[in-house]
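For reference, the chains in residue letters:
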Amino acid sequence: MSSYHLIGHRLCPYVQRVAMVLAQNGIAHKRTDIALDAKPDWFLALSPTGNVPVLVVDEKRTLFEAAAICQYLEAITGKKPCGADAYDHALAQAVVAIGDKLLSLTADLIYRDLSESSVDATVHQIHKQMSIVSDLISPQAVDADTDLSMLDIVFATVFRPFALIAVGLNRDLFAGFPGLRGWASDLAKHETVRNAVPATYYRELHEFIACKDGYLANRLRVIPQDNIALAL
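**Regarding the packing of aromatic side chains**
One pass over the structure, following the stated rule, counts 10 aromatic pairs. Geometrically, the ring pair formed by F159 and F162 is edge-to-face, given 5.9 Å between the ring centres and 65 degrees between the ring planes. Here F162 falls in the buried class, since its relative accessible area comes to 2%. Pairwise contacts between aromatic rings join F155, F159, F162, F174 and W183 into one cluster. Geometry around F208 places K212 over its ring, the cationic atom sitting 3.6 Å from the centre.

Right, dumping it as C-alpha cells:
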C-alpha cells in the first residue's frame, strides 16, 4: 500500500481541494502545513514551483499542482467525480477552470487591489465569472450523505472566503445569483468541506489578510474580530 504526505498551508484553497479528495476517498495520509512567507528548505527541494500543495508518494515521488494531484488521486481510486458521461465531464472541467479564475480574482482582492476603484473592477470581474457559471450549470442539492463532485470541491474553496470578503467590503458577492448562494450554503455544511480547514479558519483568514497592504486589508483591520464573528 502506498503512503501519501500532503504538504500545504492551512488556508490555501488548492490544498483544501486535495484534502477533500483525500478525505472523501478515505485515503490515509500525513499532513504537514508550512508558512508561506518562510518556506523551509526541505520543502523548496520537493516543490519544483515553490508552491503548495505538494503530495509525496511513498516518500520518494513528488506531485505538485492541485489539479494534477487530484487527477492522480481520482485515477488510483477509479472514480470520476465530474461525471461518467464524457460531455458532462468535459463541461465540468471547463467550469472548474472558471473556478480557478475566481480564485485568482479573490487573490487580487487580498494581495493586489490597493484602491477602491481597483476593488470595484475585480468585483465586477467576479460577478461576470459568477454569471457564466450560473448560466452553465444548475447545481444539485448537496446533503450530508452526498459524495462531492470535483465541481463541488473546487467551488467549495471558491465560495468559502466570500463571507469574510463581504464583511470587509460591505458587498454581497452572491447578489443576483440565488442558485449559487444556495449551492455555497449546502457545501459549507458538508462535513468534508468543513473538515478541510481549521475550525478557526475565518479568524486565521482575517489575520492573514489584515497584515497585507491592500484595500481589503485596510478595511478588515478596523473591524473588530467580535463584529466579524457576529457577521459571519
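**Notes on the sheet that holds strand β3 (residues 54–57)**
With mixed pairing, the 4 strands of this open sheet are ordered in space as β2-β1-β3-β4. Unpaired on one side and paired on the other, β2 (30–33) and β4 (61–64) mark the two borders of the sheet. In this sheet, neighbouring strand axes are inclined to one another by 20 degrees on average, regardless of whether the strands run parallel or antiparallel. As defined by bridge partners, β3 adjoins β4 across 4 bridges and the pair is classed as antiparallel. Residue V57 lies in a different strand from β4, and its bridge partner there is R61. Set on the sheet, helix α1 (residues 13–24) makes contact with β1 (4–8) and β2; between it and β1 the angle comes to about 155 degrees.

**Let's talk about the environment of I98**
Relative to the assigned elements, I98 resides in helix α4 (residues 86–112). Note: C-alpha distance between I98 and F155 (57 residues apart in sequence) is 9.6 Å. Aside from chain neighbours lying at most four places away, what touches I98 is Q129, I132, V133 and L136.

**Considerations on helix α7 (residues 162–169)**
Burial analysis of α7 places 6 of its 8 residues in the buried class, the great majority of the element. Among the residues of α7, those classed as buried are F162, L164, I165, V167, G168 and L169. Looking one or two residues beyond α7, the residue adopting positive phi is N170, at roughly 55 degrees.

**Comments concerning the nonpolar core**
The biggest cluster of nonpolar side chains holds 72 residues, and the ones touching the most others in it are M130, F155, F159 and W183. It is α4 that provides the largest number of residues to this core, a total of 9 residues. If near-sequence neighbours (up to four positions away) are discounted, F159 is found in contact with M130, F174, L180, W183, A184 and L187.

**Regarding the side chain of H190**
Residue placement: H190 occurs in the loop between α8 (178–189) and α9 (191–194). For H190, a relative accessible area of 5% translates into the label buried. Setting aside residues no more than four positions away along its own chain, H190 makes contact with V142, D143, A144, T146 and L148.

**A short note on the packing of α1 against helix α6 (residues 150–159)**
Following both chains from N to C, one finds α1 and α6 inclined at 140 degrees, their axes separated by 9 Å at the closest point. Helix-helix and strand crossings are classified by hand; for α1 and α6 the assignment is right-handed. For the pair formed by α1 and α6, the contact residues are P13, Q16, R17, M20, V21 and Q24 on the first element and M150, I153, V154, A156 and T157 on the second.

**Things to note about the environment of A90**
Take A90: it is sitting in helix α4. Separated by 47 residues in sequence, A90 and F43 place their C-alpha atoms 34 Å apart.

**What about unusual backbone geometry?**
Here V52 and P53 are connected by a cis peptide whose omega angle stands at 5 degrees. Along the chain, the position of P53 falls in the loop between α2 (41–46) and β3. One non-glycine residue with positive phi stands out, namely D58, at about 55 degrees. Tracing the chain through its elements places D58 in the loop between β3 and β4. Taking the relative accessible area as the measure of exposure, D58 reaches 25% and is therefore partly exposed. For E65, which is not a glycine, the phi torsion comes out positive at approximately 75 degrees. A residue is classified by how much of its surface remains accessible, and E65, at 42% relative accessible area, is partly exposed.

**Let's talk about the pairing of β3**
Burial of β3 is two-sided: the residues V54 and V56 facing one way and the residues L55 and V57 facing the other way are all buried. With 4 bridges joining them, β1 and β3 adopt antiparallel strand pairing. Within the sheet, the bridge partner assigned to I7 lies in β3 and is V54. In textbook terms, the turn of a hairpin is the stretch between consecutive antiparallel strands, and for β3 and β4 this stretch comprises 3 residues, one of which, D58, has a positive phi near 55 degrees.

How each quantity is defined
- Residues numbered from 1 in each chain as written.
- Predicted model: local features only at pLDDT ≥ 70, side-chain atom pairs only at ≥ 80, totals over all residues.
- Heavy atoms only, no water.
- Phe/Tyr/Trp six-rings, centres within 6.5 Å; stacked < 30°, edge-to-face > 60°.
- Buried < 20%, exposed > 50% of the residue type's maximum accessible area, 1.4 Å probe, protein only.
- Lys NZ or Arg CZ within 6 Å of the ring centre and 35° of its normal.
- Pairing = 2+ DSSP bridges.
- Helix = DSSP H or I, 4+ residues; strand = E, 2+ residues; numbered from the N terminus.
- Axes fitted to C-alpha atoms, helices over the stretch in contact; angles between N-to-C directions.
- Contact = heavy atoms within 4.5 Å.
- Core = buried A, V, L, I, M, F, W, Y, C linked by side-chain atoms within 4.5 Å.
- Left-handed = near helix turned anticlockwise from the far one by under 90°.

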